[in-house]
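One-letter residues, chain by chain:
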Amino acid sequence: MLLQWCTLQPHGPGKLAAIRFSSPVRVQSISIFPTDAQPFSESPETLARTEPQAFYLELYFNAHPTTAPDGQKPKVTNALVPTVIAYTGGQMDFTVGMSKEHATRLMIVKGAFESVSLAIYGEVATETPASPLTYKPKAHASVEPIPIPRALDPSNCYDPTELARNLLRLIPDAPPLELIVRLMFCLKPSHDDWDSPDFPYLYPDLEQLGDDTDLELVAELLMHPIADDIEEGTLTHFSESVAGMIGEKDGDQAYLVADILSRSASQNPELARALIQVIDLPTIFDASTLDEETLSKLLNAAANADIARYLNNTFFLDILSSVASNNGTAKETRSAAQQLKSRIEGWPVLEDALSNTQGDFSSAAVALADMSSQEASFGVWLSSMITHQDLVTKLSENPITPVSSQYPPLLLRRIKPATTHDDFVAFIRAFIGVSSVLAVYAWADSLPEPQCRERVLGIIRLWQDIDGYREILNHLLMLRQMIFRLGCMLDDDIPSKGGLDAEHILVNLAENPQAIVRPEFIKCVLNLKPPHTFITAETRSNLREAALLADDGLAGAVDELVHPPLQFTPQSLLSLRVALVVVESELDDGRDYEVMQAFWNDGGKNILTCLLGIFLTVVEEIGNYFAVHLPPAWPPGLLTHLFQASDELLRLILRVIPAYHLVGRAFRALVIGTTNLFVCTDAVDILYSQTSPASVSAQETRQSCLDLVRSLAEPSTSEGAILGAQVVLQTLLEHGLHYEKRDPTHHVLQVFWLIDSLLPMSDAEESVINSWIHRVIPTLLRPLWAFSKVLDVESKAHLVRRLVELDGGVVGIGDWILQEELKDVSLALQLFRSKDNIHLDHDHHLLRKYQVSLSLRFLLDLFRSSSPTAKWLVRQVTMEDDTVHGLAQCLWSFLEQNVQSYQLSAVVDILSIQPTLHPELKYPLSLLLLQCCANFHTPSSKLSSMLRICRELIASVPPPDLDAERLGSDLGTVFRTLEVSPERRDNDTANELTQLLTWFVTTTLQHKDSTPMLRGITTEGFTDVCDTIQDKLDTITRADLDASRASIILIDEIDPTYRPLVLPETVELTLQKLENLLSPRDISAPATPPHKALNQDVLSLVTISPPTALIRSPTAATTGLTKTYSKNDFRQLRQTPSARQNTSRLPSMHVDVGSLDIDPL
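The rules behind the values
Residues numbered from 1 in each chain as written. Predicted model: local features only at pLDDT ≥ 70, side-chain atom pairs only at ≥ 80, totals over all residues. Heavy atoms only, no water. Phe/Tyr/Trp six-rings, centres within 6.5 Å; stacked < 30°, edge-to-face > 60°. Helix = DSSP H or I, 4+ residues; strand = E, 2+ residues; numbered from the N terminus. Buried < 20%, exposed > 50% of the residue type's maximum accessible area, 1.4 Å probe, protein only. Lys NZ or Arg CZ within 6 Å of the ring centre and 35° of its normal. Axes fitted to C-alpha atoms, helices over the stretch in contact; angles between N-to-C directions. Parallel < 35°, antiparallel > 145°, perpendicular 65-115°, else oblique. Left-handed = near helix turned anticlockwise from the far one by under 90°. Contact = heavy atoms within 4.5 Å. Nonpolar A, V, L, I, M, F, W, Y, C, P; charged D, E, K, R; others polar. Patch = residues over 30% accessible without salt bridge, like charges linked within 9 Å, V, L, I, M, F, W, Y side chains within 5 Å. Areas by Shrake-Rupley, 256 points an atom, 1.4 Å probe, with all protein chains shown as cover. Salt bridge = Lys/Arg side-chain N within 4 Å of Asp/Glu carboxyl O. Lys, Arg positive; Asp, Glu negative; His and termini not counted. Charge placed at Lys NZ, Arg CZ, Asp CG, Glu CD. Polar contact = N/O pair within 3.5 Å; in protein donor to acceptor, adjacent residues only side chain to side chain. Core = buried A, V, L, I, M, F, W, Y, C linked by side-chain atoms within 4.5 Å. Pairing = 2+ DSSP bridges. Expected span 1.5 Å × (residues − 1).

For the protein chain, an unreviewed UniProt entry supplies the name Virilizer N-terminal domain-containing protein and the organism Cristinia sonorae.

(A) Up close: the packing of aromatic side chains. Under the defined criterion, the tally for this structure stands at 18 aromatic pairs. A centroid spacing of 5.4 Å and a plane angle of 85° characterise the contact between Trp-381 and Phe-431, whose relative ring orientation is edge-to-face. Taken together, the residues Trp-381 in helix α13 (residues 375-387) and Phe-431 in helix α15 (residues 421-446) connect sequence positions 50 residues apart. Just as Trp-381 is buried, Phe-431 falls in that class too. An aromatic cluster is built from Phe-361, Trp-381, Phe-424, Phe-427 and Phe-431, whose rings are joined through pairwise contacts. When the ring centre of Phe-678 is taken as reference, the NZ or CZ atom of Arg-702 above it lies at 3.8 Å. The ring of Phe-858 carries Lys-796 above its face, with NZ or CZ at 4.8 Å from the centroid.

(B) Up close: the packing of helix α40 (residues 919-933) against helix α42 (residues 964-980). Relative to each other, α40 and α42 sit at 25°, their axes nearing to 8 Å. Put simply, α40 runs roughly parallel to α42. Between α40 and α42 the crossing geometry is left-handed. Of the residues in α42, those in contact with Tyr-923, Leu-927, Leu-930, Gln-931 and Cys-933 of α40 are Arg-966, Leu-967, Asp-970, Leu-971, Val-974 and Thr-977. Tallied by class, the residues present in the contact of α40 with α42 amount to seven nonpolar, two polar and two charged.

(C) Structural view of a negative patch on the surface. The grouping of Glu-248, Asp-250, Asp-252, Asp-291, Glu-292, Glu-293, Glu-332 and Asp-589 at the surface amounts to a negative patch. One can find Glu-293 in helix α8 (residues 292-301).

(D) Structural context of the environment of Thr-994. If you trace the backbone, Thr-994 turns up in helix α43 (residues 987-1007). Setting aside chain neighbours within four positions, we find Thr-994 in contact with Ile-1029, Leu-1033, Thr-1037 and Leu-1041. At a separation of 2.7 Å, a polar atom in the side chain of Thr-994 contacts the main-chain carbonyl oxygen of Ala-990.

(E) Local environment of the environment of Pro-65. Inspection of the secondary structure assignment puts Pro-65 in strand β4 (residues 64-65). We classify Pro-65 as buried; its relative accessible area is 17%.

(F) Region of interest: unusual backbone geometry. Cis geometry is found at the peptide bond from Phe-199 to Pro-200, where omega equals 10°. With respect to the secondary-structure elements, Pro-200 resides in the loop between α3 (191-195) and α4 (215-221). At the junction of Pro-530 and Pro-531, the peptide bond is cis and its omega measures out at 5° in the coordinates. Mapped onto the fold, Pro-531 is located in the loop between α21 (519-526) and α22 (537-552). One non-glycine residue, Lys-15, lies in positive phi territory at about 55°.

(G) Molecular detail of the nonpolar core. Counting residues in hydrophobic clusters, the biggest one holds 309 residues, and the most contacted among them are Trp-381 and Phe-894. Looking at which element gives the most residues to this core, the answer is α15, with 16 residues. Once you skip the residues sitting within four places of it in the chain, Phe-894 turns out to touch Val-825, Leu-829, Val-852, Leu-856, Val-899, Leu-904 and Leu-928. Core analysis: the next-biggest nonpolar cluster, separate from the first, contains 25 residues, Phe-21, Phe-94, Leu-118 and Ile-120 among them.

(H) Highlighting the pairing of strand β8 (residues 116-124). Across six bridges, the pairing between strand β1 (residues 2-8) and β8 is antiparallel. Residue Leu-8 lies in a different strand from β8, and its bridge partner there is Val-116. Bridge count between strand β2 (residues 16-33) and β8: eight bridges; the pairing is antiparallel. Bridge assignment links Val-25 to a residue of β8, and that residue is Val-124.

(I) Layout of helix α6 (residues 251-264). Here α6 spans 20 Å end to end across 14 residues, near enough to the 20 Å set by a 1.5 Å rise per residue. Burial within α6 is extensive, with 10 of its 14 residues counted as buried. Those residues of α6 that sit buried are Gln-253, Ala-254, Leu-256, Val-257, Ala-258, Asp-259, Ile-260, Leu-261, Ser-262 and Ser-264. On its buried face, α6 is in contact with α4, α5 (232-244), α7 (269-278), α8 and α9 (305-311). Two or three places before Asp-252, at the start of α6, stands the capping residue Asp-250, its side-chain oxygen 3.3 Å from that residue's backbone nitrogen.

Next up, the structure:
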């Protein structure tokens, strides 16, 4: 609500104005309106009056508490809460956001203003309402992102430079964009050039080269831009003249030629093409003439597409390779040679990606990031993309289509997303568009041209809040002149719209520690002086702290890492990340010894110990976000900073591990911490969208976790005599069962994925696979089995398939796991028969049945796999004796318990059709097939084939091993099913059932010498089934059926113990039932036996053995109450037969050793 509308005018020498409210209020926002503005549409006569157009306002609110402890009346205080707002013109809204615990009745305004019209919005303060006793859910409207205007989205424009060219129209007589790019990033005009009235059109005269002109003068000549309309003949003549100046090969000449190529790279494209046609590389360059400065010039020149093609030949690339691999050459020279070689080879990849839908987009993005990392090469690349007609045509031929993401993909990040060709084209267009706008900003700032500059800064600030554009923009803003120009925008004492945007841009850029460590950024931050329009005193202090830390170099970074913050905040994490960047930079420069020595001198411990301690603390902090309890309130964006810090810590730890081997608890602590972090990187998608900064940072961290774990598990890594892979795998398997405060299901699944990523692939080096199979996994079978038991069926089957494929039948890891699985199934089935099962409640009984169901699903998953694992499993369960015996025990247990399950039927169906089957399995499989035939869920189409296979299997069983009573019960159940379901009595089923019945009757009469009986079917039912199927038989089979019917005795009753045990497909339990299941079972306390009366006399309670022990020793002398022995009397007495018979107690140890004539005291 509107609390106050007024136009204030300052009074007195302090330039003060005040507003007093009639009652305590909570101010939420303040709006300032420019002169002649109409704030309220319903009151057109109300006009605002604000002078001047820009100024700072200092606001002071008196703090009025609205709550007090113990229900007391709040005490009014005179405390003033200050804040500063910067008015830069136009209508501006400022958020105040008072808390519910405070209000105000007085607002004091101070500043250099003549008048200000403002509207104050908020609410009247009342007593804080009591917290609700019940929770009432509220629906929150979904927030839809506002799409960026098409005019500000160069990624969806055929001409990505259109926005930059439109901005140039705000500048009177602005030069073309192509010329601005050359001047701002490549040629860098001198002060005299800026003062010239003909600037920027200061074209050199290439036709007037004197006889005394040399390569050095040509290089100076090319410091000015070449006219775009210059004649081709002039360029040809100029190039030939330059070629004529080249003499014998030496280092100076090579440098000058490289300098000429570098300066011509951003000029008219025809100039570079003319030069490379007449310059002969072998006469100029070899390994001896390529020093660091020459390579630096060639590096800039290679950002030009034509020059890169010219240098991309075997001769020159071989020279670069030899320089890069020569250890006798300076490190900087070797690095420059390698970078130049990569840039030359990267241009073809980038060009191909513009038109090839199957191009290498990730490598092309890497090449682009390299060429845009320095101002000169960035300017050359941008000139090529907007002036080389072949590149412009390639890009424009790609149509504007809805890409997979709304904005450019994040191809500048270390972990690049899956990218389509349309995505990559959008990324290139966005990169060119942003680069062109920055060139316009540099030109407008140099003039200066405030209107254009402020417009550009507003666009840059908008892009910093848009995914895709943010990454491109922040990458280019780290160029030296961009940071310098932003710093210059912060020097004005009067607030401006451009200064406000510049402060926002600078603060957003400061979230990247790579920007903070740059000397230009450090200088910019240290020169910040209040007042500011957006940067608060706290923000300025935090920026200065980070900048000073970067300025201190290695000493400051080591001190920060040795004494890490006790509590993580965005500010402390920024300082920590800056320290990590500084240390990594020192290591990149080859100062490993200095870094290690600095840690020992400052903290008395090595760098790896420090990094590990910080890493574990950060991981613990991240874990609090994803615990099962509600996380506390943290500052916004803290999780993103935590993930980024953990990622940088992991990469630095990975780098220093080769120098400091971890052992013991530290090794395991690192693996556990990395595992916990890996689990959290997947859980972040639950709280944040996949395109959010937190989610993107988590995915990069996830890859770092994989890299570190794989590095620790390399065959060359070891902890003493134990392979690192063994320690890593054992730690993962054990930690997978300890989920701590996280969701156990999610924790186990993520640990499984980490283990799966850790195991080598089947196409890995043979030595690596042998190391895992022979030395690692066999030592961890028990932990491996314990971990696999908590996995879901799909994950467990996948793990077994991976192990079987790696093993290849050499060690038999899969064989052992399969046998353990069968043992567990057999044990679970035995528990159903045990007496303990009677005392179990329904829920425990249900879980045990579900355990068996999961085991069957696991076997079925392996059977149905398309991988070689299915063949391995069939071979195991049908031919290997140990596995066959375990499976047979399970099958008999299934029969005894009358288990019914879809998975069991499917497994039996698969086993029964195998061409080679162990004899021990045929009988139980045939009985199980009979049970499946009696199951109503068995499809009718499969009934006849199952009866046929059952008959064939059971016919191969020796008759003495058959149980006629059991066969009769099972066969009777089949007839019972057919009685209830007449539609199942088809011709094939009738024929197979008759043959099975005939075999049963014949075998029982001939070999069992008893009358065949069918149990569980009535006479009427049996007669009905037989009469129906009789009509579908031929004459011979009908006669067999009649003979069998005459010999069978029917018993119309079912064995009471023959009730089926149905295995559940799923289990649903309430939380209360789960809690009861997880609670320990009550165990009755042992009872004290009752006391009995003592009827014996005293002597009967004493056991004396032997009787001669009552006789006093003849050699002992008694002194008072103490028995003393002399010399070896005691030992001699213990050797007598009577003494050795004493078994009632141990000999006494309380013996005074002395002599008869000496007082022991």
